[in-house]
Amino acid sequence: MSAVLETSEENSKRQAEMKKLEEILEKINYSDRYTDDIYEYRHVILPKQLLKYIPEEFWDQQTGALRLLEDEEWRSLGIKQSLGWEHYEVHVPEPHVLLFRRPKDYVPPTLLTLRAKEARRK
(Lines give C-alpha, C1' and ligand atoms only; values in the text may rest on other atoms or scores of the structure.)
Protein backbone atom coordinates (compact mmCIF):
# COMPACT_ATOMS: atom_id res chain seq x y z
CA MET A 1 0.00 0.00 0.00
CA SER A 2 2.91 2.39 0.64
CA ALA A 3 3.97 1.97 -3.00
CA VAL A 4 0.49 3.11 -4.08
CA LEU A 5 0.72 6.14 -1.80
CA GLU A 6 4.15 7.03 -3.17
CA THR A 7 2.84 6.75 -6.71
CA SER A 8 -0.15 8.92 -5.84
CA GLU A 9 2.14 11.42 -4.12
CA GLU A 10 4.50 11.48 -7.13
CA ASN A 11 1.53 11.95 -9.43
CA SER A 12 0.30 14.90 -7.36
CA LYS A 13 3.76 16.49 -7.46
CA ARG A 14 3.97 15.97 -11.21
CA GLN A 15 0.54 17.55 -11.72
CA ALA A 16 1.49 20.52 -9.54
CA GLU A 17 4.73 20.98 -11.50
CA MET A 18 2.85 20.82 -14.83
CA LYS A 19 0.35 23.42 -13.60
CA LYS A 20 3.22 25.68 -12.53
CA LEU A 21 4.88 25.27 -15.94
CA GLU A 22 1.62 26.11 -17.75
CA GLU A 23 1.31 29.29 -15.68
CA ILE A 24 4.91 30.23 -16.56
CA LEU A 25 4.32 29.57 -20.28
CA GLU A 26 1.33 31.94 -20.24
CA LYS A 27 3.75 34.73 -19.29
CA ILE A 28 5.85 34.52 -22.47
CA ASN A 29 5.92 38.05 -23.91
CA TYR A 30 5.97 38.73 -27.66
CA SER A 31 7.10 42.15 -28.88
CA ASP A 32 5.43 44.04 -31.66
CA ARG A 33 6.99 43.44 -35.05
CA TYR A 34 9.41 45.96 -36.52
CA THR A 35 11.10 46.02 -39.94
CA ASP A 36 13.98 47.23 -42.02
CA ASP A 37 14.33 46.94 -45.80
CA ILE A 38 14.98 43.20 -45.68
CA TYR A 39 13.57 41.64 -42.53
CA GLU A 40 10.68 41.72 -40.12
CA TYR A 41 11.83 41.35 -36.50
CA ARG A 42 10.42 40.61 -33.10
CA HIS A 43 11.80 39.56 -29.77
CA VAL A 44 10.35 37.07 -27.36
CA ILE A 45 10.90 37.47 -23.64
CA LEU A 46 10.77 34.24 -21.69
CA PRO A 47 9.82 34.40 -18.01
CA LYS A 48 13.03 33.93 -16.04
CA GLN A 49 11.38 31.05 -14.14
CA LEU A 50 11.22 29.14 -17.45
CA LEU A 51 15.02 29.08 -17.80
CA LYS A 52 15.38 26.19 -15.35
CA TYR A 53 13.17 24.03 -17.58
CA ILE A 54 15.27 24.58 -20.71
CA PRO A 55 17.29 21.47 -21.66
CA GLU A 56 21.03 21.68 -20.99
CA GLU A 57 21.88 21.06 -24.65
CA PHE A 58 20.16 24.37 -25.59
CA TRP A 59 22.78 26.34 -23.64
CA ASP A 60 26.16 27.52 -24.92
CA GLN A 61 28.63 26.31 -22.30
CA GLN A 62 31.16 29.06 -23.13
CA THR A 63 28.82 32.06 -22.84
CA GLY A 64 26.20 30.70 -20.45
CA ALA A 65 23.50 31.99 -22.80
CA LEU A 66 21.16 30.10 -25.07
CA ARG A 67 22.66 29.03 -28.36
CA LEU A 68 20.78 29.74 -31.58
CA LEU A 69 17.79 27.41 -31.62
CA GLU A 70 16.16 25.63 -34.52
CA ASP A 71 12.44 26.02 -35.16
CA GLU A 72 11.45 22.79 -33.42
CA GLU A 73 13.67 23.64 -30.43
CA TRP A 74 12.25 27.08 -29.68
CA ARG A 75 8.73 25.80 -30.29
CA SER A 76 9.40 23.04 -27.73
CA LEU A 77 9.97 25.81 -25.15
CA GLY A 78 6.38 26.98 -25.61
CA ILE A 79 7.09 29.82 -28.04
CA LYS A 80 4.21 30.14 -30.52
CA GLN A 81 4.71 32.05 -33.75
CA SER A 82 3.61 31.72 -37.32
CA LEU A 83 5.86 30.12 -39.93
CA GLY A 84 9.07 31.65 -41.21
CA TRP A 85 10.64 32.98 -38.02
CA GLU A 86 14.32 32.32 -37.39
CA HIS A 87 16.11 32.67 -34.04
CA TYR A 88 19.00 34.73 -35.37
CA GLU A 89 20.75 36.37 -32.44
CA VAL A 90 21.55 35.87 -28.77
CA HIS A 91 21.94 38.74 -26.33
CA VAL A 92 24.27 37.20 -23.74
CA PRO A 93 23.45 39.59 -20.84
CA GLU A 94 19.76 38.64 -21.15
CA PRO A 95 19.50 34.92 -21.95
CA HIS A 96 15.72 35.05 -21.55
CA VAL A 97 15.37 37.39 -24.57
CA LEU A 98 15.30 35.61 -27.94
CA LEU A 99 15.64 37.68 -31.13
CA PHE A 100 13.77 36.51 -34.22
CA ARG A 101 13.55 37.61 -37.84
CA ARG A 102 11.98 36.54 -41.09
CA PRO A 103 11.98 37.98 -44.59
CA LYS A 104 9.90 41.12 -44.91
CA ASP A 105 6.48 40.41 -46.46
CA TYR A 106 6.93 36.68 -45.79
CA VAL A 107 4.15 34.54 -47.20
CA PRO A 108 3.98 31.03 -45.77
CA PRO A 109 3.77 28.21 -48.27
CA THR A 110 0.30 26.87 -48.83
CA LEU A 111 -0.82 23.56 -50.15
CA LEU A 112 -1.52 25.17 -53.53
CA THR A 113 1.97 26.70 -53.86
CA LEU A 114 3.54 23.42 -52.79
CA ARG A 115 1.53 21.57 -55.45
CA ALA A 116 2.53 24.16 -58.07
CA LYS A 117 6.21 23.67 -57.23
CA GLU A 118 5.81 19.91 -57.47
CA ALA A 119 4.08 20.23 -60.86
CA ARG A 120 6.94 22.38 -62.19
CA ARG A 121 9.46 19.72 -61.16
CA LYS A 122 7.70 17.01 -63.19
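A few points on the structure. (Residues numbered from 1 in each chain as written. Predicted model: local features only at pLDDT ≥ 70, side-chain atom pairs only at ≥ 80, totals over all residues. Heavy atoms only, no water.)

**Quick notes on the pairing of strand 4 (residues 86-90)**
Relative to strand 5 (residues 97-103), strand 4 runs antiparallel, the two sharing 4 bridges. Bridging across to strand 5, Glu-89 finds its partner in Leu-99. Between strand 4 and strand 5, which pair antiparallel one after the other, the connecting turn spans 6 residues. (Pairing = 2+ DSSP bridges. Helix = DSSP H or I, 4+ residues; strand = E, 2+ residues; numbered from the N terminus.)

**Some remarks on the environment of Pro-55**
On the secondary structure map, Pro-55 appears in the loop between strand 3 (39-45) and helix 2 (71-76). C-alpha of Pro-55 to C-alpha of Arg-102: the two residues are 47 residues apart in sequence and 25 Å apart in space.

**Section: the side chain of Arg-42**
Residue placement: Arg-42 occurs in strand 3. Buried Arg-42, no salt bridge; nearest opposite-charge side chain is Asp-32, N-O distance 6.3 Å. For Arg-42, the side chain forms a polar contact with the main-chain oxygen of Ser-31, separated by 3.1 Å. If near-sequence neighbours (up to four positions away) are discounted, Arg-42 is found in contact with Tyr-30, Ser-31, Asp-32, Arg-33, Tyr-34, Gln-81, Trp-85, Leu-98, Leu-99 and Phe-100. (Buried < 20%, exposed > 50% of the residue type's maximum accessible area, 1.4 Å probe, protein only. Lys, Arg positive; Asp, Glu negative; His and termini not counted. Salt bridge = Lys/Arg side-chain N within 4 Å of Asp/Glu carboxyl O. Polar contact = N/O pair within 3.5 Å; in protein donor to acceptor, adjacent residues only side chain to side chain. Contact = heavy atoms within 4.5 Å.)

**With respect to the nonpolar core**
Ranked by internal contacts, the top residues of the largest apolar core, which has 18 residues, are Leu-46, Ile-54, Ile-79, Leu-98 and Phe-100. Non-local contacts of Phe-100, meaning those with residues more than four positions away in its chain, are made with Glu-40, Tyr-41, Arg-42, Val-44, Trp-74, Ile-79, Gln-81, Trp-85, Glu-86, His-87 and Tyr-88. (Core = buried A, V, L, I, M, F, W, Y, C linked by side-chain atoms within 4.5 Å.)

**Observations regarding the packing of aromatic side chains**
Summed over the entire model, instances satisfying the criterion amount to 4 aromatic pairs. Between the aromatic rings of Tyr-41 and Tyr-88, the centroid separation amounts to 5.7 Å while the plane-to-plane angle is 55°, which identifies the pairing as tilted. Separated by 47 residues along the polypeptide, Tyr-41 in strand 3 and Tyr-88 in strand 4 bring together distant segments of the chain. Its relative accessible area of 12% is what places Tyr-41 among the buried residues. (Phe/Tyr/Trp six-rings, centres within 6.5 Å; stacked < 30°, edge-to-face > 60°.)

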